[in-house]
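Understanding the architecture of this molecule
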Amino acid sequence: MLIWKTPGKTYTMKRIALFLILLSIFSCQDDDSNYTEINQPLDFIVPANFPDTAQDIGRNFPTQKGFELGRKLFYDGRLSRDGTVSCSFCHEQSSAFTHHGHDFSHGIDNLAGIRNAPAVQNMAFQSEYFYDGASNSLEMLSIVPIHNPVEMDETLENIVSKLKQNTAYVKLFAQAFENREVSSGNMLKALGQFMTMMISANSRYDKFVRNEPGGTLNSQELQGRDLFQSNCATCHKTDLFTDHSFRNNGLPPNPNLNDLGRETVTGFARDRYKFKVPSLRNVALTAPYMHDGRFGSLQSVLNFYSNGVQNTENLDPLLQQHPTLGIPLNQTEKEAIIAFLKTLTDEEFIQNPLFYFRT
Amino acid sequence: MKSYLKNIAVCIAFTLFITSCSNDDDSKPVEGTFGDVELFFDNGVSGDALTLGNSYTNSNGETLKLQRFNYIVSNFVLIKEDGSQFTYPKDDSYFIISEEAGTFTVHLENVPVGDYKKIKFGIGVDQQRYLQGETAQQSFWDLAAANNMTWTWSTGYRFINFEGTFTAAGGDGVSRNFMVHQGSNTATDNYIEVTLNLPTTARVRTEEMPNIHLKSDANVILDGDNKIALRLNMNPAGTAASIMGGENLISIAENTKKMFTVDHVHNGAGTHH
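Quick caveat, the model's predicted, so the values are computed rather than measured. (Residues numbered from 1 in each chain as written. Chains lettered and ligands numbered in written order. Predicted model: local features only at pLDDT ≥ 70, side-chain atom pairs only at ≥ 80, totals over all residues. Heavy atoms only, no water.)

The subject of this paragraph is the overall build of chain B. Scanning chain B for helices and strands turns up five helices and 15 strands. The buried share among the 273 residues of chain B stands at 48%. In the form shown here, chain B has an accessible surface area of approximately 12600 Å², with 51% of it arising from carbon and sulfur atoms. (Helix = DSSP H or I, 4+ residues; strand = E, 2+ residues; numbered from the N terminus. Buried < 20%, exposed > 50% of the residue type's maximum accessible area, 1.4 Å probe, protein only. Areas by Shrake-Rupley, 256 points an atom, 1.4 Å probe, with all protein chains shown as cover.)

Here is the structure:
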């Protein structure tokens with residue numbers, strides 16, 4: 001809590017990375033002694049072009065050890081019933097922590113879910129999680145995939161009893177938390193700390209916006225940006241590229257799934273077929289697209305918006321303001337938008353060794 | 001270097017050990033200032049006793065056989081005649097009443113002595129507490145999970161877990177399962193608080209523990225000011241009724257404002273029942 005910097009242009013994610021690396025070097029030395037434990041708060045910095053955090057991260061401020069523990073847990077199959085499915089199973093770093101190439105992520109016993117794994121990035125800036133907003137807490141959200149019978153099919157209580165038998169975990173929990181306990185609360189907290197630090201804000205687009213070296217967009221990308229701003233940015237708002245709302249974008253419902261979307265959580269018919277507007281950061285890496293992963297390419301997504309939108313219950317009014325439903329776009333315009341979307345790819349994020357668990 | 005650090009660590013640990021021992025001796029309340037209060041929740045249905053496995057018929061024309069009736073009560077406040085309030089420490093102010101587990105009491109400790117005329121408490125878990133995350137409420141979360149009071153497809157608590165089977169008058173006579181899970185979600189906050197007058201003053205003294213005897217009426221959940229028919233809330237397959245979201249939860253929150261009444265208060269030392 002000591003280190004909480006206000007948004008500042010002078011700080012970059014590189015500096016955070018350097019800081020983390022330095023810390024991890026120090027922590028290696030610490031491991032040599034059983035009697036000293038240095039657990040530093042991490043340097044969490046809001047990127048200059050981002051809105052404020054939506055989660056109160058001061059409640060569970062990331063520390064070096066909490067982050068390390070969260071990372072270890074994120075990559076650990078013990079969180080599933082039979083030890084085979086870790087968080088990283090469906091959230092792979094190289095695909096901006098999505099499940100590349102899978103429309104429905106397959107989980108335990110090779111069972112398939114009904115939704116496409118969403119990206120895990122910039123989590124502290126989101127107010128609600130999952131396509132239907134089943135959780136509004138970064139600390140609590142891991143409960144959902146852990147208990148889902150087709151994802152990890154485990155319980156918090158069981159995981160804790162497994163972790164208590166592992167000396168490495170017992171030590172890490174003791175270092176990471178003041179009460180030193182291996183508990184489900186601390187486990188969720190550690191995962192929350194890891195996810196808090198997973199910030200993607202160093203794409204070419206970000207550098208362009210922040211006027212940093214390497215931040216140039218070519219004429220097609222700039223044209224795409226203009227088109228994006230006039231056609232897409234009402235929902236894919238701010239530099240997070242989402243307004244955090246739930247909307248029906250007119251996808252024809254899949255009768256085999258009958259996924260009611262937001263209504264599943266709220267129970268309100270007015271929320272039928274509404275799904276969370278996803279961030280478009282790293283979107284070139286997160287195929288397939290939509291809540292059910294029905295589209296394999298960005299071209300297909302834009303084709304859908306130009307001539308595939310269907311008038312189902314609660315269709316968003318923004319998609320009904322032209323003579324035909326959806327967003328009129330010609331092929332040149334679509335290509336420009338796709339070129340722009342590709343500038344949102346953040347290589348530093350997907351290659352950052354801090355988010356990859358190495359043992 | 002290592003042994004030096006080791007020595008420091010040992011010294012610190014030893015000091016902490018000593019300090020923690022002496023703290024225990026100091027933590028007792030000052031004599032004559034604090035007492036205890038006990039609340040007893042007597043579950044019933046429209047004035048009759050509630051027994052799991054027994055049936056009752058409500059004004060919606062449905063006969064319910066209850067198998068589970070658990071609920072969370074929280075954030076207790078005791079109010080004196082002059083309006084001054086004692087708010088029980090929030091960290092310790094969450095309790096589960098469970099018919100199946102036979103848990104019916106809420107025991108409050110270290111309550112300032114005085115004469116109390118009203119009590120206030122919440123049904124469920126307030127959003128503020130919930131958003132503090134599981135860590136702030138570890139022991140309560142564990143208790144809630146053990147009592148079927150946590151959601152897993154979403155994150156949060158069930159405030160009331162009311163389950164059993166039912167048959168509808170004029171229907172096919174088949175008995176079907178029902179599940180009513182009251183709670184908040186990311187769209188609606190269904191936590192409510194009730195304030196109840198005590199028919200007799202609850203006298204809290206160091207040697208006197210009042211026992212506040214409340215009656216809870218499970219019938220009001222579906223058959224209170226708002227009427228909720230289970231037969232109109234069937235799942236798509238028509239095999240069971242399930243109420244876990246939407247307007248129903250708002251109606252139930254409203255209904256449960258009248259779920260509790262204080263029947264009587266026992267003053268004097270010790271417990272009763």
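Here we take up the overall build of chain A. Along chain A, the regular secondary structure elements total 13 helices and four strands. Here chain A, with 359 residues, has 57% of them falling under the buried criterion. Long-range pairs, those at least 24 residues apart, make up 68% of the contacts in chain A between residues at least 6 apart in sequence. Working note: accessible area of chain A is about 15200 Å², and carbon and sulfur atoms make up 52% of it. (Contact = heavy atoms within 4.5 Å.)

Locating Ala 187 of chain B in the fold gives a position in the loop between strand E11 (176–183) and strand E12 (192–204). A relative accessible area of 37% means that Ala 187 of chain B is categorised as partly exposed. The spacing of Ala 187 of chain B and Gly 246 of chain B is 59 residues in sequence and 8.8 Å in space, taken between C-alpha atoms. Sequence-distant contacts of Ala 187 of chain B, that is, excluding residues within four places in its chain, are made with Arg 262, Thr 266 and Phe 268 of chain A.

A word on the packing of helix H11 (residues 298–307) of chain A against helix H12 (residues 331–342) of chain A. Residue and element names in this part refer to chain A. Between H11 and H12, whose axes approach to 10 Å, the crossing angle comes to 130°. Relative to H12, the element H11 is oriented oblique. Of the two elements, H11 crosses H12, and the hand of that crossing is right-handed. On H12, the residues touching Leu 298, Gln 299, Leu 302, Asn 303 and Ser 306 of H11 are Gln 331, Lys 334, Ile 337, Ile 338 and Leu 341. The class makeup of the residues in the contact of H11 with H12 is five nonpolar, four polar and one charged. (Axes fitted to C-alpha atoms, helices over the stretch in contact; angles between N-to-C directions. Parallel < 35°, antiparallel > 145°, perpendicular 65-115°, else oblique. Left-handed = near helix turned anticlockwise from the far one by under 90°. Nonpolar A, V, L, I, M, F, W, Y, C, P; charged D, E, K, R; others polar.)

For the rest of this paragraph, the subject is helix H7 (residues 184–197) of chain A. Helical geometry: 3.6 residues make up each α-helical turn, so side chains three or four residues apart lie on a common side. The end-to-end C-alpha distance of H7 of chain A, which contains 14 residues, comes to 20 Å, matching closely the 20 Å that a straight helix rising 1.5 Å per residue would cover. Of all the 14 residues making up H7 of chain A, 14 are buried; the element is thus mostly covered by neighbouring parts of the structure. (Expected span 1.5 Å × (residues − 1).)

Looking now at the nonpolar core. Within the largest apolar cluster, 117 residues are counted, with the highest numbers of intra-cluster contacts made by Phe 41 and Phe 162 of chain B. The biggest single contributor to this core is strand E4 (residues 62–80) of chain B, with eight residues. When sequence neighbours within four positions are dropped, the list of residues in contact with Phe 162 of chain B reads Tyr 56, Leu 64, Leu 66, Arg 68, Phe 69, Phe 178, Met 179, Val 180, Ala 218, Ile 221 and Leu 222 of chain B. Formed by 29 residues, the second largest nonpolar core is a distinct cluster that contains Phe 241, Val 301, Ile 337 and Ile 338 of chain A. (Core = buried A, V, L, I, M, F, W, Y, C linked by side-chain atoms within 4.5 Å.)

Taken together, the contacts link 29 residues of chain B with 31 residues of chain A. Of the roughly 2400 Å² buried at the junction of chain B and chain A (both faces included), carbon and sulfur atoms supply 61%. Inspection of the chain B/chain A interface yields zero salt bridges. Elements with a contribution of two residues or more to the side of chain B that touches chain A: helix H1 (2–26), helix H2 (127–131), helix H3 (138–146) and helix H5 (247–255) of chain B. A per-class count over the side of chain B that touches chain A returns 10 nonpolar, 14 polar and five charged. (Buried area = accessible area lost by both parts, 1.4 Å probe. Salt bridge = Lys/Arg side-chain N within 4 Å of Asp/Glu carboxyl O.)

Burial within helix H2 (residues 64–74) of chain A is extensive, with 11 of its 11 residues counted as buried. Among the residues of H2 of chain A, Gln 64, Lys 65, Gly 66, Phe 67, Glu 68, Leu 69, Gly 70, Arg 71, Lys 72, Leu 73 and Phe 74 of chain A are the ones counted as buried.

Inspection of the entire model under this criterion finds 36 aromatic pairs over all chains. Here Phe 76 of chain B and Phe 121 of chain B contribute two aromatic rings whose centre-to-centre distance is 5.2 Å and whose plane-to-plane angle is 25°, an arrangement assigned as stacked. Placement of the pair is Phe 76 of chain B in strand E4 and Phe 121 of chain B in strand E8 (residues 114–123), with a sequence separation of 45 residues. Residue Phe 121 of chain B is classed as buried on the basis of its relative accessible area, which comes to 0%. Plain terms: the ring middles of Tyr 94 of chain B and Phe 140 of chain B are 5.6 Å apart, the flat faces sit at 50° to each other, and that makes the pair tilted. Of this pair, Tyr 94 of chain B sits in strand E6 (residues 94–98) while Phe 140 of chain B sits in helix H3, and the two are 46 residues apart along the sequence. An aromatic cluster of three or more residues is present, and its members are Phe 41, Phe 69, Tyr 71, Phe 76, Phe 95, Phe 121, Phe 162, Phe 166, Phe 178 and Phe 260 of chain B. A cation over an aromatic ring shows up here: Arg 262 of chain A above the ring of Phe 246 of chain A, its NZ or CZ 4.1 Å from the ring centre. Above the plane of the ring of Phe 268 of chain A lies Arg 270 of chain A, whose end atom (NZ or CZ) is 4.0 Å from the centre. (Phe/Tyr/Trp six-rings, centres within 6.5 Å; stacked < 30°, edge-to-face > 60°. Lys NZ or Arg CZ within 6 Å of the ring centre and 35° of its normal.)

This part covers the pattern of salt bridges. Considering all chains together, one arrives at 31 salt bridges over all chains under this definition. The partner of Arg 59 of chain A in a salt bridge is Asp 56 of chain A, with the nearest N and O atoms 4.0 Å apart.

Residue and element names in this part refer to chain A. At the junction of Ala 287 and Pro 288, the peptide bond is cis and its omega measures out at 0° in the coordinates. In this fold, Pro 288 is placed in the loop between strand E4 (275–276) and H11. One non-glycine residue, Phe 130, lies in the positive phi region at around 75°. Within the fold, Phe 130 resides in the loop between helix H3 (87–90) and helix H4 (143–147). With a phi close to 80°, Met 290 is a non-glycine residue in the positive phi region. Relative to the helices and strands, Met 290 is located in the loop between E4 and H11. Judged by relative accessible area, Met 290 falls into the buried class, the value being 16%.

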